[in-house]
Amino acid sequence: MAKLYFRYGTMDSAKTLNLLAVAHNYRKQGKRVVLAKPALDDRFGDRRVASRAGLSDDADLLLEPGTVLELEALRGVDCVLVDEAQFLSPAVIDQLRLVTLWLDLPVICYGLRTDFQTRGFPGSLRLMEVADSIEEVKVTCQQCGRKAVFNLRIADGAAVIEGDQVSLGDEEYVPVCGHHYFEQIGARGLSILGISVPSEGPSESPSESPSESPVESPVESPVESPVESPVKSSVESPAGGSSEDDPRGERSDATG
């Protein structure tokens, strides 16, 4: 059965380059591929799917928020490749999900997981919910060797904290790790984004009353004979054996 794939990564993680390489491999085997992209992404032209490495191709399908996919147009296709999937509406994602089931047609979506404020895009969130396979396209932080997980928006050399989620203007986006993201946005950024910050001081706890040492009885218990008592422990399993012998007493982890 064909699957819906979501391959996500930060900016500059070569997502589009990966997509174009997959398209090339399919075509080299004589298979038919459909390239799709959101209509709003016109940075390189209306239909251009372009990688920063210089490779590019034309999209066969432009997707609007209200696009209704035509199954007949996708029959005979071997794979659908979607660029910038974070800009798609959840409704379009749901249709792509059904395409994999009804046509047994694999759909591979590439895109960002979160925006410059660490918030998920609607399309990405829906893919996280319904995709069969979720894979990370990795790249290192631009400021260190750690893995990049956030997209830092830069304008005039400074981190941008406020603004529209989708901005295809003159801003620059930098892939960074968690350490450098929060270092760049600072305390003001944390406040604007509404990110809860833990306290640096020790938490106050109610004063505890001094523990009292147990008072031993001055009367010693009489010396018992070593004969075992015929009365067994009162903790019995429903079957009559001890609870330790009951296999139903094993703990079950619900880690999903």
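Whatever comes next refers back to the structure up there.
Predicted model only: the values in this text are computed from it and were never measured.

Outline unusual backbone geometry, listing residues and values.
Note on backbone geometry: most residues besides glycine have negative phi, and most peptide bonds are trans. The backbone of Asp12 sits at a positive phi, close to 65 degrees, despite the residue not being glycine. Summarising the element assignment, Asp12 is placed in the loop between strand E1 (4-8) and helix H1 (15-28). Its identity as a non-glycine residue notwithstanding, Glu84 has a phi of 55 degrees, on the positive side. You can see Glu84 is positioned in the loop between strand E6 (79-82) and helix H3 (90-102).

Please provide a residue-by-residue account of H3, values included.
Taking 1.5 Å per residue as the helical rise, H3 with its 13 residues ought to reach 18 Å, and the 18 Å between its terminal C-alpha atoms agrees with that figure. For H3, every residue scored as buried is listed here: Val92, Ile93, Leu96, Arg97, Val99 and Thr100. On an axial view of H3, the arc spanned by its buried residues comes to 155 degrees, and they lie on one face. Buried-residue contacts for H3 involve E1, strand E5 (61-63), helix H2 (71-74), E6, strand E7 (107-111) and helix H4 (122-130). Residue Asp104 follows H3 closely and has a positive phi angle near 50 degrees.

Describe the nonpolar core, listing the residues and the values that go with them.
Core analysis: the biggest nonpolar cluster contains 24 residues, and Val80, Val82, Leu88, Leu96, Val107 and Cys109 have the highest contact counts within it. Of all the secondary-structure elements, those providing two or more residues to this core are E1, strand E2 (33-38), E6, H3, E7 and H4. Considering every element that reaches this core, the biggest residue donor is H3, with four residues. Not counting chain neighbours up to four residues away, the residues in contact with Val107 comprise Lys3, Leu4, Tyr5, Val80, Val82, Leu96, Val99 and Thr100.

An account of the pattern of salt bridges is needed here, citing residue identities and associated values.
Evaluated as defined, the whole model comprises 12 salt bridges. Salt-bridge contacts for Arg43 lead to Asp41; the nearest nitrogen and oxygen are separated by 2.7 Å. With its nearest N and O atoms 2.7 Å apart, the salt bridge here joins Arg126 to Asp94. Separated by 32 residues along the polypeptide, Arg126 in helix H4 and Asp94 in helix H3 bring together distant segments of the chain. For Arg126, a relative accessible area of 26% gives the class partly exposed. Shared partners join several salt bridges into a network, and the residues in it are Asp41, Arg43 and Glu84.

About the criteria used
- Residues numbered from 1 in each chain as written.
- Predicted model: local features only at pLDDT ≥ 70, side-chain atom pairs only at ≥ 80, totals over all residues.
- Heavy atoms only, no water.
- Helix = DSSP H or I, 4+ residues; strand = E, 2+ residues; numbered from the N terminus.
- Expected span 1.5 Å × (residues − 1).
- Buried < 20%, exposed > 50% of the residue type's maximum accessible area, 1.4 Å probe, protein only.
- Arc of directions from axis to C-beta.
- Contact = heavy atoms within 4.5 Å.
- Core = buried A, V, L, I, M, F, W, Y, C linked by side-chain atoms within 4.5 Å.
- Salt bridge = Lys/Arg side-chain N within 4 Å of Asp/Glu carboxyl O.

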